[in-house]
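# Commentary on secondary and tertiary structure
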Amino acid sequence: MSNCKLQTEWDDIDNEYQQLQETHKIYRQKLEELTSLQATCSGAISKQRKSLKDLRRSLSKSAQTCDEKELTLLTHIKTQIKEREHVFFDMEAYLPKKNGLYLSLVLGNVNVTLLSNQAKFAYKDEYEKFKLYMTIILMFGAITCLFFLNYRVTDEIFNFLLVWYYCTLTIRESILINNGSRIKGWWVSHHYVSTFLSGARGPMYQMFRSQFLAFSIYQSFVQFLQYYYQSGCLYRLRALGERNQLDLTVEGFQSWMWRGLTFLLPFLFFGHFWQLYNSVILFRLARHEGCKEWQVFMLALTFLVLFLGNFLTTLKVVRQKVQKKVEKGQKSD
Ligand code: COA
């Protein structure tokens, strides 16, 4: 290659480099603007929250002495204040914030807010896929332990995998909540409880082993169905646009969701009653004369807590959805 050609090539690269530097400079400026806007928004939200809190207190005081007309006005303002809370929650999903205690302990104070809808969707999608893959692995694990390998070491590996899986879920779910997901608190707590359940094992475990493994297989099967329902919701809502308020308004999505839910619910309730059955069996084992360990009683109690939490929360979710449906029906009349 001639020197002249090399010089032209270098000049081209150098030009591109100059351009890159310019673009990066603009990017850094915008980033600073963005950080300052974020701080302004976060400050304004805190201020609004404080003012609304004070106002709510004054409203409650005035409500004791006002007439009927004024009371209607006060109720109207109170409803609007409640709606504002939802708006602030949505706004905060796009603003960096301090991590809660759990995330601070696990990750330290690193910012986990994803700034674009695309990134949020990708993270949630990955979470659902992670659950699916782990469900398949855990199902094979439980089948292997139940039918082929009855060794302490394989059981321990399976239990370790369960503990690791549930711990990981709690971290991912805390990040999702930070990003505006409306996962009910119980579903996250459910995974903390499950972590404990998977970790606590005593010598009496052998008597409960088959039932526990069979339940694990069934749970994986239900999680499989859950994956299709949950990722179906995710993709449909993504195709429709924004999450949250939309599920109240879009007909097609509503009917798909109800069909999915009515299919899923019998399997879910069956699983919940299986948890209750596990608890009953473990309570019986705890009263067994040969049982000296406290773990059995604790496991029985944990299964009971899981049953109550899962069953009652699922009923609450369904009730809320029915209520929304009725409200929507009334609005469109
Ligand atoms: N685990 C994790 N996330 C869940 C969840 C669960 N069990 N249930 C709901 N969510 C998430 C949804 O994906 C949604 O997230 P988003 O705000 O990021 O979009 C949010 O919570 C709100 O969902 P919601 O509208 O309340 O419920 P849904 O229609 O998505 O699901 C159920 C309703 C009942 C199907 C679902 O809660 C469920 O499967 N519960 C049963 C779990 C269970 O009992 N497991 C044990 C079986 S033995």
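Residues numbered from 1 in each chain as written. Predicted model: local features only at pLDDT ≥ 70, side-chain atom pairs only at ≥ 80, totals over all residues. Heavy atoms only, no water.

## Some points on the overall build of the protein
Across its full length, the protein carries ten helices and zero strands. Secondary structure elements in the protein, listed N-terminal to C-terminal, are α-α-α-α-α-α-α-α-α-α. Expected size for 333 residues packed as a compact globule is a radius of gyration near 20 Å; at 27 Å, the protein overshoots this value by more than 25%. Each principal axis of the C-alpha atoms in the protein carries an extent, and together these give about 90 × 85 × 40 Å. Counting all 333 residues of the protein, 36% fall into the buried class. (Helix = DSSP H or I, 4+ residues; strand = E, 2+ residues; numbered from the N terminus. Rg over C-alpha atoms; globule rule 2.2 N^0.38 Å. Buried < 20%, exposed > 50% of the residue type's maximum accessible area, 1.4 Å probe, protein only.)

## Description of empty space enclosed by the protein
Under the criterion given, the structure shown has two cavities of 30 Å³ or more. Size it by volume and the largest cavity reaches roughly 160 Å³. Lining the largest cavity are 17 residues, and of these Leu-162, Tyr-166, Phe-215, Ser-216 and Gln-219 lie nearest its centre. Taken together, the elements giving at least two residues each to the lining of the largest cavity come down to helix 5 (152–178), helix 6 (185–199) and helix 7 (205–240). Here the element with the most residues in the lining of the largest cavity is helix 7; it accounts for six residues. Among the residues making up the lining of the largest cavity, the classes are represented as nine nonpolar, eight polar and no charged. (1 Å grid on protein atoms, 1.4 Å probe; cavity = no way out; pocket = protein on both sides within 12 Å on 5 of 7 lines; lining within 4 Å. Points joined across faces, edges and corners; volume = space filled by probe spheres on them. Nonpolar A, V, L, I, M, F, W, Y, C, P; charged D, E, K, R; others polar.)

## Some thoughts on the packing of aromatic side chains
The geometry of an aromatic ring pair comes down to the distance between the two centres and the angle between the two planes. With the rule as written, the count across this model stands at 23 aromatic pairs. Consider the rings of Tyr-218 and Trp-274, whose centres lie 5.5 Å apart with planes at 40°: the pair is tilted. With Tyr-218 in helix 7 and Trp-274 in helix 9 (residues 251–287), this residue pair connects regions lying 56 residues apart in the sequence. Residue Tyr-218 shares its accessibility class with Trp-274, and that shared class is buried. Here the aromatic residues Phe-208, Phe-212, Phe-215, Tyr-218, Phe-221, Phe-263, Phe-267, Phe-270, Trp-274 and Phe-303 are joined through ring pairs into a cluster of three or more. Across from the ring centre of Tyr-94, 4.5 Å away, lies the NZ or CZ of Lys-120, which sits over that ring. The ring of Phe-130 carries Arg-172 above its face, with NZ or CZ at 4.1 Å from the centroid. (Phe/Tyr/Trp six-rings, centres within 6.5 Å; stacked < 30°, edge-to-face > 60°. Lys NZ or Arg CZ within 6 Å of the ring centre and 35° of its normal.)

## Let's talk about a positive patch on the surface
A cluster of basic residues, Lys-53, Arg-56, Arg-57, Lys-61, Lys-78 and Lys-82, forms a positive patch at the surface. Tallying contributions element by element places helix 1 (residues 3–63) first for the positive patch, with four residues. Here Lys-61 lies in helix 1. (Patch = residues over 30% accessible without salt bridge, like charges linked within 9 Å, V, L, I, M, F, W, Y side chains within 5 Å. Areas by Shrake-Rupley, 256 points an atom, 1.4 Å probe, with all protein chains shown as cover. Salt bridge = Lys/Arg side-chain N within 4 Å of Asp/Glu carboxyl O. Lys, Arg positive; Asp, Glu negative; His and termini not counted. Charge placed at Lys NZ, Arg CZ, Asp CG, Glu CD.)

## Let's talk about the UniProt feature "transmembrane region" (unreviewed entry) in the protein
Taken from the UniProt record, the annotation "transmembrane region" (unreviewed entry) applies to residues 130–151 and 294–315. The span residues 130–151 shows a helical share of 86% and a strand share of 0%, and its end C-alpha atoms are spaced 28 Å apart. Between the C-alpha atoms that bound residues 294–315 there is a distance of 32 Å. The span itself is 100% helix and 0% strand. (UniProt positions renumbered as here; feature names shortened; annotations may be inferred.)

## Quick notes on the site of the ligand
The local shell around the ligand holds 21 residues, among which Lys-124, Ser-181, Tyr-229, Gln-230 and His-272 are the closest. Taking Trp-187, its side chain carries an N or O atom lying 3.4 Å from a nitrogen atom of the ligand. Contact distances for the ligand include 2.9 Å between an oxygen atom and a side-chain N or O atom of Lys-321. Considered on its own, the ligand offers 900 Å² of accessible surface; in the complex 93% of this is hidden by protein. Tallying contributions element by element places helix 9 first for the shell around the ligand, with five residues. For the shell around the ligand, the per-class residue count stands at eight nonpolar, seven polar and six charged. (Near = heavy atom within 4 Å. Polar contact = N/O pair within 3.5 Å; in protein donor to acceptor, adjacent residues only side chain to side chain.)

## Looking at the packing of helix 4 (residues 117–148) against helix 5
As a packed pair, helix 4 and helix 5 sit with axes 11 Å apart at the nearest point and diverge in direction by 165°. As the angle between them shows, helix 4 and helix 5 are arranged roughly antiparallel. Where helix 4 crosses over helix 5, the two elements pack in a sense that is left-handed. (Axes fitted to C-alpha atoms, helices over the stretch in contact; angles between N-to-C directions. Parallel < 35°, antiparallel > 145°, perpendicular 65-115°, else oblique. Left-handed = near helix turned anticlockwise from the far one by under 90°.)

## Structural notes on the pattern of salt bridges
As enumerated under the stated definition, the model contains eight salt bridges in all. A salt bridge links Asp-54 to Lys-50, with the nearest nitrogen and oxygen atoms 3.8 Å apart. In this pair, Asp-54 and Lys-50 are both assigned in helix 1, four residues apart and thus about one turn of the helix distant. The class for Asp-54 is partly exposed, based on a relative accessible area of 33%. Asp-125 is the partner of Lys-129 in a salt bridge, and the nearest nitrogen-oxygen pair spans 3.0 Å. Here the residue Lys-129 and the residue Asp-125 both occupy positions in helix 4, the gap between them amounting to four residues, near one helical turn. Given the relative accessible area of 28%, Lys-129 is considered partly exposed.

## Overview of helix 2 (residues 68–92)
Compared with an ideal rise of 1.5 Å per residue, which puts 25 residues at 36 Å, helix 2 spans 36 Å between its outermost C-alpha atoms and is within 8% of the ideal. Regarding helix 2, the residues found buried are Leu-74, Ile-81 and Phe-88. Buried residues along helix 2 sit against helix 1. Two or three places before Lys-69, at the start of helix 2, stands the capping residue Asp-67, its side-chain oxygen 3.2 Å from that residue's backbone nitrogen. (Expected span 1.5 Å × (residues − 1). Contact = heavy atoms within 4.5 Å.)

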